[in-house]
Amino acid sequence: MQKIMISAIHTGMQFSQALYLDDGENEFIPAGVAVSDDTLLLLKNKGYEFLFTDGELIKNEDTETDDETKDAEQQPVPEQASPTSSNFLASLKNTEAYTEYVILVQNCQKFFNSVQNRERLTIAPVSKVMRNLTVLVEAHPELCVAMILENDIVGFEMGKSAIDVASLSYLVAQYLQLTADKIEEITIAALLHDIGMLRINSDIITKKEKLNDAEKQTIEAHTTYGYNCLVNELMLPQRLAKIVLQHHEWYDGSGYPGHLVADEIDIGARIVACADSFTAMTSQKSYRKAMLGYDAMKTLLNDNGTHFDPIIVNALIRSIGIYPIGSIVMLSDNSLCRVIKSIPEFPLRPQLRLLIDSTGTVYGDDENKIINLQLQKNVFITQAIDPALVDLSNLQV
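Treat the numbers as computed from the prediction; the structure is a model and nothing was measured.

K.L.:
Which parts of the structure should I look at to understand the packing of helix α7 (residues 157–175) against helix α13 (residues 267–281)?
P.N.:
When two helices pack together, their arrangement is given by the angle between the helix axes and by the axis-to-axis distance. Closest axis-to-axis distance for the α7/α13 pair is 9 Å, and the angle between their directions is 130°. One finds that α7 runs oblique with respect to α13. Crossing angle aside, the handedness with which α7 passes α13 is right-handed. Packed against α7, whose contacting residues are D164, V165, L168, S169, V172 and A173, the element α13 presents I271, V272, A275, D276, F278 and T279 at the interface. Here the residues of the contact of α7 with α13 are counted per class, giving eight nonpolar, two polar and two charged.

Laid out in C-alpha cells, this is it:
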C-alpha cells in the first residue's frame, strides 16, 4: 500500500482504489470519489500528513479546472469593471438595513470625534449604538457581513471599523453561546477597542516610514490609553475595559501589553482580536488593496494558534463562512456565482446565486438561479474571484 502526502493531494483528484487514514483499517475516501475541499480542510485541521491506497490516480479534475481558470483569467477585462460597478452594491444600498448601518457608522464616528476633541464623555451614545447594532445584526446577519466587506464609506473609517469589529464580535459571541451580559460587554468593548489611538499623535499613526522603538512603544500604549479612558472617563467596569486592554495579546504570548498566553487572555479580547484582524485585512488601505473575504479567512486559518485562539477562528468561520456573503466564486464547472447564504455546519459549501454558467450564459436577478452545494455534490468551489476582474454591471444581488 503506497503512502501519499496530503500536500500532494488536490481538490478533484480521484483514485482507482479507496484512500485510507492508516494501513487499510479505516476507509476515508471511497474509490472513484473526487477529493473535496471540505475533506482537505478536515485533514489539515486534524494534522494528518499522509493517506494510503493500493490504487492509482485516475482523474485530476483540479488540474483541468486550473487550466480553464487560467484561460478565463486571460480574457480581456472591461475597463469599467470594479466592485462598485455591480448592482450588488446598488441593491445593498437600497435596503433599509444599509441605511441603518450607515447611521450607526456616522454616530460612532461622531462619538470618536468627541473623544479626539477631548469633550466631556458619557457612555450613553455608545450604549445606544450598541443596542441598535445588535438589533440590526439579529435581523440581518448576512447583510451585515456583506456590508463589512464593502469599502465605499469614505471619511468615517474609524466609525466603520468599530461597527464592523463589533458586528463580527457579536456574531462570534452568540455562536459560542456566551451569557447575554458577556455578549453586551464584548460588543461595547469591540466598539471602543481602538479608542486609545485617539490619544496618540497623528504624525506617528500616519507615518509611512518604519517606526523607531519609541514610536512603536507609543503605538502599543494605545491599549492602555483605551483602558484608562473606559475606566476613568466613561466609568465602565474594569472587566469590560480589560477586553480593550488585551485585544493585542496574542495566543502564543507574543502580544502586548502583558504577554499573556491562551486562556490568560479574556475571551472577549480573543474574540475582538480575531474580528479586528479580519476587518483590517478586508479594508482598503492607502498602501494596499483590500483582501477578499476568503483570503482573509484563509490567513486566519493558517495562523495555527500563533496569534488567535483556534476556537475563536472556528467560531468566526461558522458564523460567516469561509466564503463570506457577497463573495464571488468560481465552481469546478467554470461557472461564476455569488455567495448568498453560509451554512455553519458546512462552511465550504454555501448557498449560491448563479451569475454566469459554464457556457457563458448570464443570469439576471429575476431568474433567481440558486445553487445549493449541499445538494449538488458534483460541483465545488475552486477559488474566490476578485469582483474587480469581472464585469458584473448587469448582475443583481
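K.L.:
I would appreciate a short explanation of the side chain of E215 in the present structure.
P.N.:
With respect to the element layout, E215 can be found in helix α10 (residues 213–220). Within the structure, the side chain of E215 is placed 2.8 Å from the side chain of K207, a separation counted as a polar contact. When near neighbours in sequence (up to four residues on either side) are disregarded, E215 contacts I204, K207 and K210.

K.L.:
Looking at this structure, I do not really get the packing of aromatic side chains. What am I missing?
P.N.:
Geometry of an aromatic ring pair is reported as the spacing of the ring centres plus the angle between the planes. Evaluation of the coordinates by the stated rule reveals four aromatic pairs. An angle of 40° between the planes, with centres 6.4 Å apart, marks the rings of Y98 and Y101 as tilted. One end of the pair is Y98 and the other is Y101, both in helix α4 (residues 96–116) and three residues apart, which spans about a single turn.

K.L.:
Any chance you could explain the side chain of D309 here in plain terms?
P.N.:
Within the fold, D309 resides in the loop between α14 (293–301) and α15 (310–320). Of the polar contacts made by the side chain of D309, one reaches the side chain of R270; its length is 2.7 Å. Every residue in contact with D309, bar those within four places of it in the chain, is listed here: Y251 and R270.

K.L.:
Looking at this model, I keep getting lost on the packing of α13 against α15. Mind explaining?
P.N.:
Two numbers describe how α13 lies on α15: the axes approach to 10 Å, and their chain directions differ by 55°. Considered as vectors, α13 and α15 are oriented oblique to each other. Of the two elements, α13 crosses α15, and the hand of that crossing is right-handed. Residues I267, R270, I271, C274 and F278 of α13 form the contact with α15, whose participating residues are I312, V313, L316 and I320. Across the contact of α13 with α15, the residue classes break down as eight nonpolar, no polar and one charged.

Parameters at a glance
- Residues numbered from 1 in each chain as written.
- Predicted model: local features only at pLDDT ≥ 70, side-chain atom pairs only at ≥ 80, totals over all residues.
- Heavy atoms only, no water.
- Axes fitted to C-alpha atoms, helices over the stretch in contact; angles between N-to-C directions.
- Helix = DSSP H or I, 4+ residues; strand = E, 2+ residues; numbered from the N terminus.
- Parallel < 35°, antiparallel > 145°, perpendicular 65-115°, else oblique.
- Left-handed = near helix turned anticlockwise from the far one by under 90°.
- Contact = heavy atoms within 4.5 Å.
- Nonpolar A, V, L, I, M, F, W, Y, C, P; charged D, E, K, R; others polar.
- Polar contact = N/O pair within 3.5 Å; in protein donor to acceptor, adjacent residues only side chain to side chain.
- Phe/Tyr/Trp six-rings, centres within 6.5 Å; stacked < 30°, edge-to-face > 60°.

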